[in-house]
Amino acid sequence: MAFRKKSAKNPPVLSHEFILQNHADLVACVGMFFVLGLMFEGTAEASIVFITLQHGVPFPAAEERAPESKFLYYYGVKDLATVFFYMLVAIIIHATIQEYVLDKINRRMQFPKPKQSRFNESGQFSAFYLVSCIWGTFILVSENCLSDPTLLWRAPPHNMMTFQMKFFYISQLAYWFHAFPELYFQRIKKQDVPRQLVYIGLHLFHIAGAYLLYLNHLGLVLLMMHYFVEFLSHICDLFYFSDDRYRKEFSLWAVVFILGRLGTLIVSVVTVGFHLAGGQARNSDATAGNVNVLAAKIAVLSSSCTIQAYITWNLFNVQLQRWMEEDATLQAPSVKKKRTKGRSSRKGTENGVATANRVDSPHKRKEKPS
């Protein structure tokens with residue numbers, strides 16, 4: 001939605017239409033309330049809980065020569081306040097992209113209403129997936145996860161996270177939580193709401209699971225693989241909406257999709273099924289971040305397989321729907337041509353009969369006197 005969508009009539013204040021048109025301004029005012037709280041001594045402590053990361057402890061640096069210490073983080077109840085604040089930020093960014101990018105493209109391309117909603121959805125998701133892939137790849141490189149794959153199954157020091165790792169997960173949770181009010185702000189159709197709720201819920205479940213179980217590196221690698229495939233999917237949709245000649249690119253994306261699903265399953269099984277299955281831990285305290293227990297391993301593997309099966313099933317449904325739409329569009333002109341041919345043949349016969357009657361009428365008139 002746009003910040004200020006101009007209309008001929010201004011809706012009443014705090015009405016349904018007023019909230020939909022100006023929800024980004026209202027959310028920005030709420031966010032500024034927390035920012036302004038930093039200026040006053042009495043409210044600074046409460047505002048810091050919403051804006052900055054919490055539950056940080058100093059930890060000695062890895063190098064013995066370095067006298068300074070760095071901060072590592074764990075999760076806690078105060079993270080809910082931080083997720084709420086960055087959820088407001090995500091709503092504002094969503095509205096900015098909608099107004100200054102997607103709405104201008106919609107006006108220039110003049111899409112019909114069904115295509116406008118799908119185009120807006122693909123545009124928003126493609127921007128989010130692109131930023132997340134770049135950000136996540138930078139974290140994997142900076143924490144040497146690509147050069148040392150054992151970090152995928154090796155527990156972090158004292159079940160802690162670095163600043164950039166925790167901020168990434170907080171941002172991911174904030175984005176997917178912001179998707180719930182966006183269903184109302186974007187006026188999603190009722191028949192599309194259940195599909196969107198399942199899609200959002202699956203992402204929240206797996207991101208929160210990786211965050212709470214301290215499977216940070218494994219969850220980040222799986223998210224990057226999943227986001228890259230989804231990014232290609234929505235990019236193909238954007239080209240498909242702009243021009244129907246780009247239908248062939250869907251087959252290329254389907255190959256990448258299958259490879260991405262297989263890669264996700266292989267990484268999940270290898271990491272959880274082999275390396276975490278090295279032996280049952282004596283201390284089966286799940287709150288301490290210990291996932292080397294049978295229940296945790298089954299939960300991680302089953303959830304990973306479930307989301308892969310759901311996404312694959314969703315792909316087949318979308319492809320079948322597109323095939324049906326293409327068949328309907330191809331059959332419609334042929335039916336029209338048959339109807340026009342039938343009408344033209346009828347008109348031809350009627351005209352032929354009329355001309356024949358006109359030609360025969362003088363002879364019939366001459367034969368009457370005799």
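Calculation notes
Residues numbered from 1 in each chain as written. Predicted model: local features only at pLDDT ≥ 70, side-chain atom pairs only at ≥ 80, totals over all residues. Heavy atoms only, no water. Helix = DSSP H or I, 4+ residues; strand = E, 2+ residues; numbered from the N terminus. Buried < 20%, exposed > 50% of the residue type's maximum accessible area, 1.4 Å probe, protein only. Contact = heavy atoms within 4.5 Å. Areas by Shrake-Rupley, 256 points an atom, 1.4 Å probe, with all protein chains shown as cover. UniProt positions renumbered as here; feature names shortened; annotations may be inferred. Salt bridge = Lys/Arg side-chain N within 4 Å of Asp/Glu carboxyl O. Patch = residues over 30% accessible without salt bridge, like charges linked within 9 Å, V, L, I, M, F, W, Y side chains within 5 Å. Axes fitted to C-alpha atoms, helices over the stretch in contact; angles between N-to-C directions. Parallel < 35°, antiparallel > 145°, perpendicular 65-115°, else oblique. Left-handed = near helix turned anticlockwise from the far one by under 90°. Nonpolar A, V, L, I, M, F, W, Y, C, P; charged D, E, K, R; others polar.

1. Description of the overall build of the chain
When you go through the chain residue by residue, the secondary structure sums to 10 helices and 2 strands. Along the chain direction, N to C, the helices and strands of the chain fall in the order α-α-α-β-β-α-α-α-α-α-α-α. Taking all 370 residues of the chain together, the buried fraction comes to 38%. Within the chain, contacts between residues separated by at least 24 positions form 72% of all contacts whose residues are at least 6 apart in sequence. Put simply, the chain shows about 22700 Å² of open surface, and 66% of that area lies on carbon and sulfur atoms.

2. Re the UniProt feature "transmembrane region" (unreviewed entry) in the chain
Taking the UniProt record as the reference, the feature "transmembrane region" (unreviewed entry) is found at residues 83-102, 123-141, 167-185, 197-214 and 252-274. A helix fraction of 89% and a strand fraction of 0% characterise residues 197-214, whose end C-alpha atoms lie 26 Å from each other.

3. Digging into the pattern of salt bridges
Following the criterion strictly, the structure yields 2 salt bridges and no others. The closest approach of N and O atoms between E17 and R187, which form a salt bridge, is 2.5 Å. In this pair, E17 is assigned in helix α1 (residues 16-21) and R187 in the loop between α6 (163-185) and α7 (193-212), connecting sequence segments 170 residues apart. E17 sits in the partly exposed class, given a relative accessible area of 29%. The class for R187 is partly exposed, based on a relative accessible area of 44%. The salt bridge involving D79 is made with K166; its shortest N-O contact spans 3.0 Å. With D79 in helix α4 (residues 79-109) and K166 in helix α6, this pair connects stretches of sequence that are 87 residues apart. Residue class for K166 comes out buried when judged on its relative accessible area of 0%.

4. Notes on unusual backbone geometry
Not every positive phi belongs to a glycine, and Q110 is a case in point at roughly 55 degrees. Its place among the elements puts Q110 in the loop between α4 and α5 (113-142). If you check the backbone angles, N144 has positive phi at about 60 degrees while not being a glycine. Looking at where N144 falls in the secondary structure, it is placed in the loop between α5 and α6.

5. Section: the side chain of Q196
Relative to the helices and strands, Q196 is located in helix α7. Apart from the residues lying within four places of it in its own chain, the contact partners of Q196 are E121 and L183.

6. So, the environment of M161
For M161, the location among the structural elements is in the loop between α5 and α6. Along the backbone, M161 and L72 are 89 residues apart, and their C-alpha atoms lie at a distance of 5.4 Å. Those residues in contact with M161, other than ones at most four positions away along the chain, are L72, Y73, Y74, Y75, K166, Y211, Y214 and N216.

7. Notes on a nonpolar patch on the surface
Residues M32, V35, L36, L38, M39, F40 and I48 make up a contiguous nonpolar surface patch of roughly 660 Å² in combined accessible area. Looking at which element gives the most residues to the nonpolar patch, the answer is helix α2 (residues 23-36), with 3 residues. Residue classification places I48 among the partly exposed residues on the basis of a relative accessible area of 38%.

8. Topic: the packing of α5 against α6
Here α5 crosses α6 at 165 degrees, and the two axes come no closer than 11 Å. As summarised for this structure, α5 and α6 are arranged roughly antiparallel, according to the angle between their axes. The interaxial crossing formed by α5 with α6 has left-handed handedness. Only Q164, M165, F167, F168, S171, Q172, Y175 and W176 of α6 make contact with α5, whose side of the interface consists of Q124, F125, F128, Y129, S132, W135, G136, F138, I139 and S142. Residues belonging to the contact of α5 with α6 are distributed by class as follows: 11 nonpolar, 7 polar and no charged.

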